[in-house]
Amino acid sequence: MSGVAFDTCDVLVVGAGPAGMAAAVAAAPSGASVVVIDDNPAPGGQIWRDGPGASLPPVARQWREALARHANIRVRSGTRVVAAPASHELLLEDADGAMRMRWTKLILCTGARELLLPFPGWTLPGVTGAGGLQALIKAGLPVEGERIVIAGSGPLLLAAAATAIAAGAQVLRIAEQASFASVAAFGASLVRWPGKALQALTLADARYRTASRVLSAQGTAQVESVRLRQGDREVEMACDRIACGFGLTPNTQLGQLLGCALAGQAITVDALQATSVAGIYAAGECTGFGGSERALVQGTIAGHAAVGEVAKARTHDRERARWNAFAAQLHRRFALADDLSALPRPDTLVCRCEDVPFSALSACTGWTDAKLHRRCGMGACQGRVCGDAAQFLFGWTPPAPRPPLVPVRIETLAGLATPGDARQ
Amino acid sequence: MSDQTQLHIDGQLVRVKAGSSVAAALRVVDGKGAARTSVTGQPRAPFCGMGVCQECRVQIDGRRRLACQTVCAEGMRVETTA
Ligand SMILES: Cc1cc2nc3c(=O)[nH]c(=O)nc-3n(C[C@H](O)[C@H](O)[C@H](O)COP(=O)(O)OP(=O)(O)OC[C@H]3O[C@@H](n4cnc5c(N)ncnc54)[C@H](O)[C@@H]3O)c2cc1C
Ligand code: FES
């Protein structure tokens, strides 16, 4: 007996961020049975993460209430998708066990992760991603009185700073790698998206520096100081924590596993958010990062389209175009400087799971070589941190995902072996 | 309903705000918040905060789980040395 449960639904949504919530709410009035799967403890995704250190904005509560209002939407939090054992089936795992879920239409709303780039000292306790710090604080990480330096690229640095300050931390510096001209041009472009401009104003901060980057973290058992380059000056600051994120990378693993085509680093979709595979749609940041408003409108279109309501879906075309244009501004103005790839020293670990240093990789010819001979990307994160880093550092195409997508329990793997038609 | 949760981390009793993640609780019990050691024995702490890096893996009530995506429950037993 494998002990793997079996369930079925009309529309399966993976990811309960803005895109997934909107998709489920748009699909529900059709009467279809909708299931939403998410690996976090509560719906909301990266932006609307709840916890003792978070104050959810009203819009997040409204979406949560909308999900709860529909009796035909079932939300399964704390559940991750680990494999696709058969056509129209996904294998899921939660704290208690495994389950195979059969779907008729699938909507991928798997969001994005932070791009984390290696620099000397980045493995020390006290170094986190920028969005990572924000997520940890919302989930209750105490940072009161801590001296924090935030570095990397993109508006998320300001959002992370605001969260840290509200939690009582002392933010010493926000170091943005993009130039002043680029950031100013981004700011000026926000007149087209007044809501965003207002947000930017409330986040603007005197500790913000452009053309600045982290050089290294120092410390023995944990972070004690940071070295930064600001323009052509180098500064060293004593601090307790460094939060460093270089923008976002779409989560495409599940889409790739299902055979969905990619364009660049994102899942390709058409005007109805349909992927290259029949019956599978994608919405939100897995189709390219661009903020929660874009994720919401894409999710709405995908939800309508998945239940055959094409006319309803098309009424949102203009709104989507508006937020796609915003996304294009983000990508253009916060493009990463090529020379960030000079940050690692020979002994800087690139693969944090298998402790593989930069020097061991610089001689490799590509991913396969690095994997087979250096074990790079063979650890628990399955290349999701070092794969992105190696793509930036060496231009290597990230490894093709293999099931299971994340480390799982042995009992869950039994679900892969159970033939699709021998279910109970 | 209490606004605090008590759990055990490596045998030590820890009290955190209700709804905190295990990753947050690790920081309360040990200033560094370390979750595990790397393959060459370096201390590692939660890094991505969002279920990607797997550096916050701990044993929770005998099962290996991610500290950043697990909410503390009353009486939970967490082992970081597993
Ligand atoms: C750490 C972080 C913090 C951010 N903070 C902000 C902010 O403060 N303000 C802002 O404007 N933007 C923020 N963003 C940008 C943000 O990603 C988007 O604006 C918005 O959340 C995107 O919505 P989405 O629905 O596309 O994806 P997400 O919100 O990322 O939702 C995707 C969900 O799917 C889940 N998931 C992915 N794969 C699986 C799987 N295999 N199985 C189960 N579940 C899965 C994820 O855990 C997540 O809950 C942040 C991004 C990150 C990475
Ligand atoms: S901190 Fe990265 S997976 Fe938990």
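Now for a look at the structure at hand. Bear in mind that the values here come from a model prediction, so they are computed numbers and not experimental data. (Residues numbered from 1 in each chain as written. Chains lettered and ligands numbered in written order. Predicted model: local features only at pLDDT ≥ 70, side-chain atom pairs only at ≥ 80, totals over all residues. Heavy atoms only, no water.)

Some words on the overall build of chain A
Going by this rule: A run of DSSP states H or I qualifies as a helix once it reaches four residues; a run of E qualifies as a strand once it reaches two. Both are numbered from the N-terminal end. Put simply, the radius of gyration uses C-alpha atoms, and a globule should come to 2.2 Å times the residue count raised to 0.38. Note on exposure labels: buried denotes an accessible area under 20% of the residue type's maximum, exposed denotes more than 50%, and partly exposed covers the range between, all computed with a 1.4 Å probe on protein chains only. In this analysis, two residues are considered to be in contact whenever any of their non-hydrogen atoms come within 4.5 Å of each other. Reported accessibility uses the Shrake-Rupley method at a 1.4 Å probe radius. Residues are deemed covered only where the shown protein chains occlude them. Counted charges follow a simple rule, with Lys and Arg positive, Asp and Glu negative, and His plus the chain ends left uncounted. By convention, the charge on Lys lies at NZ, on Arg at CZ, on Asp at CG and on Glu at CD.
Helices and strands together make up the secondary structure of chain A, namely 14 helices and 21 strands. Over its C-alpha atoms chain A spans a radius of gyration of 22 Å, differing by no more than 12% from the 22 Å that the globule rule assigns to 424 residues. In terms of principal-axis extent, the alpha carbons of chain A reach across some 65 × 50 × 35 Å. Relative to its 424 residues, chain A shows a buried fraction of 56%. Counted over contacts in chain A with a minimum sequence separation of 6, partners at least 24 positions apart contribute 65%. Per element, the accessible surface of chain A, about 16,600 Å² overall, is 55% carbon and sulfur. The positive charge centre, built from 40 side chains, and the negative charge centre, built from 35, are 4 Å apart in chain A.

Some words on the site of ligand 1
Applied cut-off: To be near a molecule or strand, a residue needs just one of its heavy atoms within 4 Å of it. Any pair of nitrogen or oxygen atoms within 3.5 Å is treated as a polar contact; in protein, a donor-acceptor pairing is required on top of that, and neighbouring residues in sequence qualify only through side-chain atoms on both sides. In this classification, the charged set is Asp, Glu, Lys and Arg, the nonpolar set is Ala, Val, Leu, Ile, Met, Phe, Trp, Tyr, Cys and Pro, and all remaining amino acids, among them Gly, are polar. In this document the domain limits rely on a domain assignment from an automatic tool or a database.
By nearness alone, 28 residues border ligand 1, and A:Ala19, A:Asp38, A:Asp39, A:Gln46 and A:Glu285 come closest of all. Around ligand 1, the neighbouring residues derive from chains A and B rather than from a single chain. Here A:Glu285 contributes a side-chain N or O atom positioned 2.7 Å from an oxygen atom of ligand 1. Taking A:Ser292, its main chain carries an N or O atom lying 3.0 Å from an oxygen atom of ligand 1. Protein coverage of the free-state accessible area of ligand 1, which is 980 Å², stands at 91%. When residues of the shell around ligand 1 are traced back to their parent elements, those giving at least two are helix H1 (18–27), strand E4 (80–86), helix H3 (130–138), helix H4 (156–166) and helix H8 (292–306) of chain A. Taken together, the residues of the shell around ligand 1 break down into 11 nonpolar, 13 polar and 4 charged. Counting residues domain by domain, the shell around ligand 1 receives three or more from each of domain 1 (5–113 + 249–331) and domain 2 (118–245) of chain A.

Considerations on the nonpolar core
The line we're drawing: As used here, the term nonpolar core means buried Ala, Val, Leu, Ile, Met, Phe, Trp, Tyr and Cys residues forming a set that is joined through side-chain atoms within 4.5 Å.
Of all hydrophobic cores here, the largest spans 82 residues; its most connected members are A:Ile107, A:Ile150 and B:Leu7. Viewed by domain, this core spans two of them, domain 1 (5–113 + 249–331) and domain 2 (118–245) of chain A, each represented by three or more residues. Apart from residues lying up to four places away in sequence, A:Ile150 is in contact with A:Ala130, A:Leu157, A:Ala160, A:Ala161, A:Val171, A:Arg173, A:Ile174, A:Ala175 and A:Ala243. Counting residues in each nonpolar core, the second largest holds 47 residues, with A:Leu124, A:Ala151, A:Leu340 and A:Phe358 among its members.

With respect to the pairing of E4(A)
Each regular strand carries side chains that alternate between the two faces of the sheet. Residues and elements named next belong to chain A. For clarity, the threshold we go by: Whether two strands pair comes down to DSSP finding at least two bridges between them.
As paired elements, E4 and strand E5 (residues 89–93) share 4 bridges and run antiparallel to each other. The residue bridging Arg80 from the neighbouring strand is Glu93, located in E5. Connecting E4 to the next strand, E5, in antiparallel fashion are 2 residues, including His88 with a positive phi near 60°.

Structural notes on the packing of aromatic side chains
Using the following cut-off: The criterion for an aromatic pair is that two Phe, Tyr or Trp rings (for Trp, the six-membered ring) have centres within 6.5 Å, with stacked assigned to planes under 30 degrees apart, edge-to-face to planes over 60 apart and tilted to the rest. In this scheme, Lys NZ or Arg CZ marks a charge over a ring once it lies within 6 Å of the ring centre and within 35 degrees of the ring normal.
As enumerated under the stated definition, the model contains 8 aromatic pairs over all chains in all. An aromatic cluster of three or more residues is present, and its members are A:Phe186, A:Trp193, A:Trp323, A:Phe326 and A:Phe334. A cation over an aromatic ring shows up here: A:Arg352 above the ring of B:Phe47, its NZ or CZ 3.5 Å from the ring centre.

Notes on the sheet that holds strand E10 (residues 170–176) of chain A
All names here are of chain A. Put simply, the rule is: Here an angle of 0 to 180 degrees is reported between the N-to-C directions of two axes, which are lines fitted to C-alpha atoms, with helices fitted over the stretch in contact.
Taken in spatial order, the 5 strands of this open sheet run E8-E15-E9-E10-E11, and their pairing is parallel. Edge positions in the sheet fall to strand E8 (127–128) and strand E11 (208–209), since each of these pairs with one other strand and no more. As defined by bridge partners, E10 adjoins E11 across 2 bridges and the pair is classed as parallel. By the bridge assignment for E11, Ala175 is matched with Arg209. Strand contacts of H3: E8, strand E9 (147–152) and strand E15 (241–245), with the helix running at about 120° to E15, the strand carrying the most contacts.

Nothing here speaks to function; it is all geometry.
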